[in-house]
Each structure stands twice: as C-alpha cells, then as structure tokens.
Amino acid sequence: MTAATLDRPATSARLLSALQVVHWRNVPLMAGLCIAAILMLMPFLWMVGASLRPAGEAYRLPPSIIPREWTLAAYREALGSGIPFVQMYWNSLVVAALSTLGVLVTASMAAFAFARLEFRGSTPLFLTMLGGLMVPPALTLIPLYFGFARLGLLDSLSALILPAMASSFGVYMIRQFMLSQPRELEEAALMDGASYWTIFWRISLPQLGPALAALGIITFTTSWNNYISPFVLIKSWDKMTLPAGIVALQGLMGAASVSVVMAAATMAILPLLLVFLVAQRFIIEGMTMSGLKQ
Amino acid sequence: MRSPFMSERASAYLFLAPGFVLYLLMALVPALATLAFSLTEVDRFTWEISFAGADNLLFVLSDRRFWTAFGNTFTFIAMAVAGNVGLGLLLAVLIDRQMPRAVLYFLRLAFFLPVLVATALVSLVWQLLYSTDLGILNYYLNELHLPSVSWLTNSRVAMVSIVILDVWKHVGFFMIIQLAALQGIPRSLVEAGELDGAGFWQIFRYIKLPYILPVVLFCVTYATITGLQVFDSIRILTQGGPGDATISLVMYMYEEAFGAQDIGVGSAAAFILLAAIAVTTLVQWRIGRRMVAQ
Amino acid sequence: MDRRSFMMLAGGALLAPKPAFAAAAVDKPVTLTIIRTASDSDVKLMNSVMERFKKKFPSVEVKPQFITSNPWGEYINQLMNLVGSGQTPDIITMPTEGVSTLGSRKLLRNLDDFLNSDPGAKELLADVEANLLTGLSYQGAVNLFPTEWNTVAVYYNTKMFEAAGLGKPSADWDWATFLETAKKLTKTDASGRITQYGYVVSGKNFSLMPWFLTNGTDRLTPDGTQSNVKDPRFKETLVFLRSLIAEHKVSPTFARNNAGESALISENAAMITTTHSSVPAMISGKADFIDVQVFPKNRTNVSIFGAGGVGVSTASKEPELAWELVKELTGKEFEDELAKNMRATPARRSSATSSPYSDFPPNAKIFYEAAATAKPLIAPPNFAQVEDIMMRHVDAYLTGNVEIDPMIDQLDEELSRAMSRVRW
C-alpha cells in the first residue's frame, strides 16, 4: 500500500470545491465536529488559564478559563526558583536531538544493508531485529538500570540517549520504504564503480527523505515526551528531563502550587505546539505514512 | 550488487554494525537479562546475587496483586482499543468529506494536539479536572444538576476515567491514519458501488471497510501493544488506586523492582509481560490474516 | 623539669601523630558529595552553605546531588540505589523515616567520634531539645546531627472561625469538640452543594499518624517490627476518619498525597492537619488569616514528630572535611536561614523561638513546646514499603471502596509479609 497523501487538484477545481463545500447536509455535522474539537482542546485552555492565576486562585471554584486576575507570577516562579527548569529544557532538547540523530543514522544504514545488499544471515538477523518491536522500553528498564549503575552511567543523559537509539521500528520502517523505491539509480552507480558508502550517502539517503522525516518526528516526540525512563534512571535535578521533572516538581511543591506546575507544563508543551502549527501537514503525513506502511 | 572495493558481505556487516550492536546492547541483551534476573534474588544494598530458581515466578503467579494488575491491564486494553480505534474510525468517516480548508485544519489541530503532548503532562492537568470535590468536571456536572462522579476515587469508575484520558489523548492518531486510508480508496470502487444503487452505509460496510481492513487491524495491534504498557497516566492520576483498582502490569513491575526493592520479582513480572505481548501480537496477527483473507 | 627533658618533650609532642579528627588541613583539591532533597528551599539553603564553606575551604569542591523523589520512601530508595552502585555520598541528609534503613546497613559514622574532639559542636547540640535526638537514633546510637524537625498541627482559617461565632480552638480540645467545630464550619449553598468544608482529611501518611497516636495506637508495634493493625483502636480511628467524610460530610473525598493546603489557602476549607512544610505556600499565597493549634486529643495527647539531620557516611574518604561541612550544615547561620525559609522547624531552640520563625503563624510557640514530649515516627528499614502498603489500603477504605474489616485483614496480611522479609 502506498502512502496516501491528500489530493491536490488544480486551482480552479479547488476554488470551486471550496465554494461548493458547504452542503446543507454537512453543516450540522461540521458544527458538531467543531464543538467536539473545542471540547478536546478544553484541558489545554484550562491549563493555560490556571498558569496565569495567582497562587491561591488556581483551585478556586467556580472555575473559569479566563482568570479574574492575570499574572505571570507562576511563570516567574517556575523559571526563577531553585528548580533548574531551563536546565531540564536543555536536557530534553539534547536527549531528543541526539536520539533522533542516532536513530536516523543507524537505522538508515542498517536498512540499507537489509534492503539493498545480499549477505549471509540477512534474514535471521532481520527477524531478530523484528523481535525488538515487541520489546517495550519499560521491560528493559530493570536490566538497563543495573547495567548503567555498574558502568556509572546512571543519572546521566547517555542513559536516556543510548536505549532510544536502538530502534527496531526505525529499521523496519526505513527498510519497507527502501524496498518500495526503484533500484535503478543505485545499480547504475554500482556499475560505474562507486563504493557502497558513496551509493548510500549520495543516492539512497536523499531518496529516503519522507521516511527519514517521519521517523525523525516520531523519535523526537517520543523522546521529548518520555516519562518512565527518566523517572527510573535519572534522579538528580541537573540531569532531569521535562515530563519527569515537572511531575517531580508537583510532588515536591505540594498541592498548593497548581499554577506553577501548570506554567511549567505550558512551557514544556509550547515548542511542540508551535512546531505543529507550522508543520502540521508535514507531521501528519509523516505519522500517517508510518502507519499505512504496514 | 558487487563492488570492487570491498566484498558485499563485509560492507553489509559494516552498515549493519552500529544499529545492530545498539539493538543488541540496549534491547536484546536486556530482554534476556530480564529472564536471567527473574531467576535470581538480589540484595539491593550489597548487590549480591544468588540463584533462586523459579521462586520469583511462583511468587508472582501466586500474588493476588499481580492477577489484579493483569486483569486491570486487559480490561484497560479492551476498552481503550475499542475506544481509540472505533471512535477514530467513526471520526475518520465523518471527516472524510469535502469541507473548507480552515475547518479541516482546525479539526486536525484539535484532535491531533493531544497526541503530540507528553502523557505525563496531560495527566497532571486531568488530575485537576477529575478531582471529586474540587474538580472542574464535577463542577459543571453539578451546574447541570447532575450528581458528582467519583472519577478517581471510586474503584469501578477509576479505570474508566483512565480510559477516557487515553482515548482523549490518542484518538486523533487513529483518526488520522484511518482517514488517510479512507482517502486512499480508489474512486472507481466507490463510484461502482454508487452506480449499483448502494447507500452510504452499504458502501462503507462492503467496499470501504474491507479495503482498509489491514490498516484497521494495524491500529488494533498497535493500540494493544501500547496499551499493555500503560504506566504514565495511571501512576500520576491514581498511583494504581483506589486500593489496586487501576494498577497496571508495568506499574506492578516497577513497584516490585524499585519500590519493594525486589529485582527478582520485578523481572519475573517483566518477563510475563513480555510473554503477554508476544502471545497477544501473535493471536491478533493470526486472526487478522484470516479476516483479510476473507 | 630540666631544659633537656623539656626539649625532648616538646620535640616529642611535635613529632607525635595528630589526633584523628583534628581540624583538617587542606592543601589538595577534594570533592565532597552530599545528597539532599530537591525542593526549592533545599536548593537555596544548599547554595548558601556552599558559599560559606568555600570561604573557609577554597580548595574543596562540594557537589550536591538533589534527589527529586518524593515522598520520603522514594528518597530513601534512591539513596539505596546510589549505595548499591558504589556511589555512596560523603554526607547523607536523612529524616527519621530513613534512620533505621541507614543504621541496619551501618552506613553512617558514629557522631560521638566527631563530637568528642570538637567542643564547639557539642555546644551546638546543647541548644537542641534532647528528645528530638530520639528521632534520629538507631539502637541507641545517634549518627545524624539534627537540622530540623516537623510536627503535625491543625492549621485553621481564623476568619471562618469568627464568622461562625467560634473563639480560637483550645489547646485542650478533643475529637468530639473537633467534630463539632468542623460541623459548624461546613457550609452548603442553596442547592445543597458544599461550598466550605470544615476539615480536610489529610492524604499524607505523616499527617494521618497523629489520629492514630492520639487514640493510643499505631500501624506497627512500638518496637517497630510487627503489624499492629488488628488493634481495635486502629480500626476505631479509621472508622472515625471515614465518618468525617461520609457521615458528617465535613471533609471532601480522601485524596492521596494531598493534605488540603490549596483548599485552605483558597478558602474552600476551614481546617487542615499538616506539617510546617506547607507554610511557605501559605505565605506566598498571602493567606495571613491562618493560625495554628495543637492536635485534638482522644485517649492521649501525644504528638508525633519526624526529625531531619545530616551525617557522615562510613564510605567517605574525607571524614574530617565532611564533618566540617556537616558543621556548616547545622550551624547557626544555617538554622537561621532555615527559620526564615519556614519550611520546617529548626532543631535549635534559639532559632525556633525567635523572629522570623515565630512570626507566622501567630501561635507558633506550640511547635517547639511539643519538642520535649513528642514521639518519633516509627520507621523500620523498609519504611517505603510500609508507607505504600498502609496508604494504599487506607486510600481504598477512606474512599469508600472497601469495607473496614476486609480492608484491615488485607492490610494486616500484606504488612506482616513485608515485615517478615525485613533484614534488621
């Protein structure tokens, strides 16, 4: 099954369809969907609203999305307190970026070997890697914890980056994609005497654009949002990443600091929101493609 | 493909090396180590390891809490998969029609944003929404003269509340994938059905659904595997409570290994989880193949 | 003595080896690691300590490791993880909850070695109420130098009391009076919905303990080795708490880990029972209408306390330097800053009975008054597990999901099994 993209008909046809679009039958349906959509967004709206309230207000009933008094005090406290919020932000960024880079490089290389090269043990090795699809991260946490502790890597960013780079899903996805790509260019290059590395780097990799983008986005968001790994493997503030750090923040500050925790959460979500607004189509197509390529 | 510089096989191994070694060290070996640990007893303070045979496994299998966790996890999956994939399909069908670009973008934003955000962070927000006496949901229910619901404090309702959060968070993902699948159905097929005089639901049931069945099945499998690993939301919203009403398998594993400091028992639980994933995946794959063949 | 003998004596004295714990001379770069909790006030306090220490010992680097786990059970677990992986810190900050965990594994150096050769430190210790040290001792030995402690008290909204026509609660009040007061302070609106709760049953383990203690019972036997939940007084206490929620409806639903601070600050509740750690939030929430009173008594009026201290680990390679840092962490400046911070009661009497600590809440004198007679929290080496088992079952019962008798049976079963696996 090939990747489905939204059709892009000619401009005149688009204009016409945009005008014709509002069938009387569809209007109640669209209205209903829009109401559902607003309800879906309510938790976020409430979160932002709570973050703009003064400390004692956040829990006050009756609740209102728009706070009676606006204040950025919660944000100031989240950024200026002894909690290294900015450090956590940076850690999340570093871990996500390096994990993504690592996955993209190693997965595409491995996929190249599986999809384009013939060698003994190709099938058994591939099936072994496929087994990894069924091994969830939570499962390997206990031995990884032990192993990292012995190596002194516990409570370090490497403990988060290394496991994330081992992506069977990535290898599988890229391989599937490569198999559906034509081989002619590569074979021609081979005949011209190019080395495998040159072929990979100059020809195969550029063709992998959409798949790499999709894998990159998935890996980045998964890493950014990961809670259980940092929760288990990281214990000190200066190595903590955002989700686990903010939850720990709530635990330490007690139930009296709703607005500060909401402010921290808002700041953590903001970059993803911005990226989504800008690259919405791109992200959705990427994730869709990974799903349809099964 | 043959290259003059290096044998194909050697090249293949070099390409494969980084990815495979990472996979070995970070996924395969830990998975096997889990099995090994489950056969040991480890003193957490001195880290002496002693062989314990099947003791841990027997302990887990005879632990009432384990079976509660097992039952809870499968109850969760039954509800969450049905909700996520079913509701996702319904939404996809409803959205699969002409509509103004702006409306489509808005709908996609609203439904997909929760997917992108960290489960841990949205759990913090929902914790406030769900609070029995001071929460937003109950407040509005009361305004509508409906009784308060003990979202997180009633053992029967608590699991449903977790499922609601899970569906809210993930339905967008499944909606988008199934929407793309629906839009990839060749027009000719649908038009043929229309010419034969088939109505909307008949077309859906006999033409569209069979066509996208592989994608739907993929969604079911994917949702199941991720459902088996549910941890973040439960840990933050209920910590497995009230009592043990919402404890999941991964939570049980974490609590035994890092809470009760019993690595052997935690590993045994992890191992059983792995077996559960393997069996479930295989069963679903088998059933899926037969359904598609029909 | 003739001159020759004197010279020999003097020479001998110079050549004799220095006593083991003399003031440390520092001429090489050294790193001291210390483990602490990661709350905002801890970080700030630690930073000041490091600044002062740097002035005295410029070549020593102090590396604090802030542990983000909460509550105490998880903090202790994390320390154990560090110990297990061979990274025991030089200095360990530990509350009462973890004293036996440390003691049973002999992780701390004996404080007496340091105290005997350091008269200044002994003077510091003299300013601390002796009873508080019982919260830091294991099998008779005290190996943690006290820095702070906490007791549980009733924090109440003075405005609401006035509005209900009640005077300040008496220091002599008991459970029955408490219930009556809570009822008078619970308000409903026209539609029957409760707009103001008289009291919030605390979701925190430590803050629940006084209810059991004032009823003459506890979840463990006094020696801390066996489950005690089958005690009829234990059941009685829980039934009373449940009645506050379900029958008299003076308290909202039980919420684990929530002591009701935000409800008190946002004026949705009139009374809560919590520790001094909730006070900073009250101050930043400008809740100046809050005052405090001792816990209501029932069969006894014993109050509970948990202390916190710092000690030098047996694994430390620089015990003398570590001791210097300990002194900095427990000295006058630290205690005064802690008092200003308001997140706990300073261990030293002088810091706890003067401004700014005694300024808020107005009745703050009850805190140090309790020091002489309070009993320490009973905490066996597997404290984290005990706390978890206890709270899980109490949660299930107080939220109305389990009946009292089956709950106590299950609690007893799990607790006994856990206690039987403890290595003392």
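Structure shown above.
Bear in mind the structure is a predicted one, so any value in this text is a computation, not a measurement.

Colleague: Describe in detail the overall build of chain B, supporting the description with residues and values.
Modeller: Secondary structure summary: chain B contains 12 helices and two strands in total. Along chain B, helices and strands appear, N-terminal first, in the series α-β-β-α-α-α-α-α-α-α-α-α-α-α. Taking 2.2 N^0.38 as the reference for a compact globule, 294 residues should give roughly 19 Å; the C-alpha atoms of chain B span a radius of gyration of 24 Å, well beyond that estimate. The C-alpha extent of chain B, read off along each of the three principal axes, is 80 × 75 × 35 Å. Taking as baseline every contact in chain B between residues at least 6 positions apart, the subset at least 24 positions apart corresponds to 67%.

Colleague: An account of unusual backbone geometry is needed here, citing residue identities and associated values.
Modeller: A cis amide bond links Phe360(C) to the next residue, Pro361(C), at an omega of -10°. Turning to its location among the elements, Pro361(C) is positioned in the loop between α15 (349-352) and α16 (365-370). Phi at His145(B) is positive, roughly 60°, even though this residue is not glycine. Looking at the secondary structure, you find His145(B) in the loop between α6 (136-143) and α7 (155-183). A positive phi is found at Lys106(C), a non-glycine position, where the angle reads about 50°. Its location among the elements puts Lys106(C) in the loop between α4 (96-104) and α5 (111-116).

Colleague: Now, about the packing of aromatic side chains: what can you tell me, with residues and values included?
Modeller: Taken as a whole and judged by the stated rule, the model has 50 aromatic pairs over all chains. Ring centres 5.3 Å apart and planes at 35° place the aromatic pair Tyr130(B) and Trp151(B) in the tilted group. Here Tyr130(B), found in helix α5 (residues 119-130), pairs with Trp151(B), found in the loop between α6 and α7; they are 21 residues apart in sequence, far enough to count as distant. Put simply, the rings of Trp173(C), Trp175(C), Phe178(C), Tyr199(C), Trp211(C), Phe240(C) and Phe295(C) touch in pairs and so form one group of aromatic residues. The cationic tip of Arg175(A) hangs over the ring face of Phe126(A); the distance from NZ or CZ to the ring centre is 4.0 Å. Positioned above the aromatic ring of Trp285(B), the side-chain terminus of Arg289(B) is 4.7 Å from the ring centre.

Colleague: Tell me about the pairing of strand β12 (residues 304-312) of chain C, and please be specific about residues and values.
Modeller: Residue and element names in this part refer to chain C. For β12, a buried count of nine out of nine residues is recorded, marking the element as mostly surrounded by other parts of the structure. Burial along β12 is two-sided: Ile304, Gly306, Gly308, Val310 and Val312 and Phe305, Ala307, Gly309 and Gly311, pointing in opposite directions, are all buried. Strand direction decides the pairing type here: strand β3 (residues 91-95) and β12, joined by five bridges, are antiparallel. Residue pairing in the sheet places isoleucine 92 in a bridge with glycine 311 of β12. Here β12 pairs with strand β14 (residues 375-376) via two bridges, running parallel. Residue pairing across strands places isoleucine 304 opposite lysine 375, the latter belonging to β14.

Colleague: Describe in detail the interface of chain A and chain B, supporting the description with residues and values.
Modeller: Opposite the 99 residues of chain A that make contact, chain B presents 99 residues. Note on chain A versus chain B: buried area summed over both sides is about 9,300 Å², and carbon and sulfur give 80% of it. Counting across the chain A and chain B interface gives zero salt bridges. For the pair chain A and chain B, the interface holds seven residue pairs in polar contact (both at pLDDT 80 or more). Here the side of chain A that touches chain B takes 18 residues from helix α14 (residues 258-292) of chain A, the largest share from any one element.

Colleague: An account of a nonpolar patch on the surface is requested, with residue identities and associated values reported.
Modeller: Side chains of Ile35(A), Ile38(A), Leu39(A), Met42(A) and Leu45(A) sit close together on the surface and give an oily, nonpolar patch of about 470 Å² of accessible area. Looking at where Ile35(A) falls in the secondary structure, it is placed in helix α2 (residues 26-51).

Colleague: Can you explain the pairing of strand β7 (residues 153-157) of chain C? Please cite residues and give values.
Modeller: Residue and element names in this part refer to chain C. With respect to burial, β7 is a largely interior element, five of its five residues being buried. Burial along β7 is two-sided: the residues Ala153, Tyr155 and Asn157 and Val154 and Tyr156 are all buried. Pairing analysis gives four bridges linking β7 to strand β10 (residues 269-274), with the strands arranged antiparallel. Pairing of alanine 153 across the sheet is with threonine 274, part of β10. In this sheet, strand β11 (residues 290-293) lies alongside β7 in antiparallel orientation, the contact comprising four bridges. Within β11, the residue paired with valine 154 across the bridge is glutamine 293.

Colleague: Quick rundown of helix α8 (residues 168-179) of chain A? Include the residues and the values.
Modeller: For α8(A), with 12 residues, the first-to-last C-alpha span of 16 Å sits near the 16 Å given by 1.5 Å per residue. Of all 12 residues making up α8(A), nine are buried, and the element is well covered by its neighbours.

Colleague: Let's hear about the sheet that holds strand β9 (residues 194-200) of chain C: which residues, and what values?
Modeller: Residues and elements named next belong to chain C. Overall, mixed pairing links the five strands, which are arranged β8-β9-β10-β7-β11 in an open sheet. With one partner strand each, in any of the chains shown, β8 (187-188) and β11 form the two edges of the open sheet. Note: β8 against β9, two bridges, orientation antiparallel. Residue pairing for β9: lysine 187 is matched across the bridge by glutamine 196.

Rules and cut-offs
Residues numbered from 1 in each chain as written. Chains lettered and ligands numbered in written order. Predicted model: local features only at pLDDT ≥ 70, side-chain atom pairs only at ≥ 80, totals over all residues. Heavy atoms only, no water. Helix = DSSP H or I, 4+ residues; strand = E, 2+ residues; numbered from the N terminus. Rg over C-alpha atoms; globule rule 2.2 N^0.38 Å. Contact = heavy atoms within 4.5 Å. Phe/Tyr/Trp six-rings, centres within 6.5 Å; stacked < 30°, edge-to-face > 60°. Lys NZ or Arg CZ within 6 Å of the ring centre and 35° of its normal. Buried < 20%, exposed > 50% of the residue type's maximum accessible area, 1.4 Å probe, protein only. Pairing = 2+ DSSP bridges. Buried area = accessible area lost by both parts, 1.4 Å probe. Salt bridge = Lys/Arg side-chain N within 4 Å of Asp/Glu carboxyl O. Polar contact = N/O pair within 3.5 Å; in protein donor to acceptor, adjacent residues only side chain to side chain. Patch = residues over 30% accessible without salt bridge, like charges linked within 9 Å, V, L, I, M, F, W, Y side chains within 5 Å. Areas by Shrake-Rupley, 256 points an atom, 1.4 Å probe, with all protein chains shown as cover. Expected span 1.5 Å × (residues − 1).

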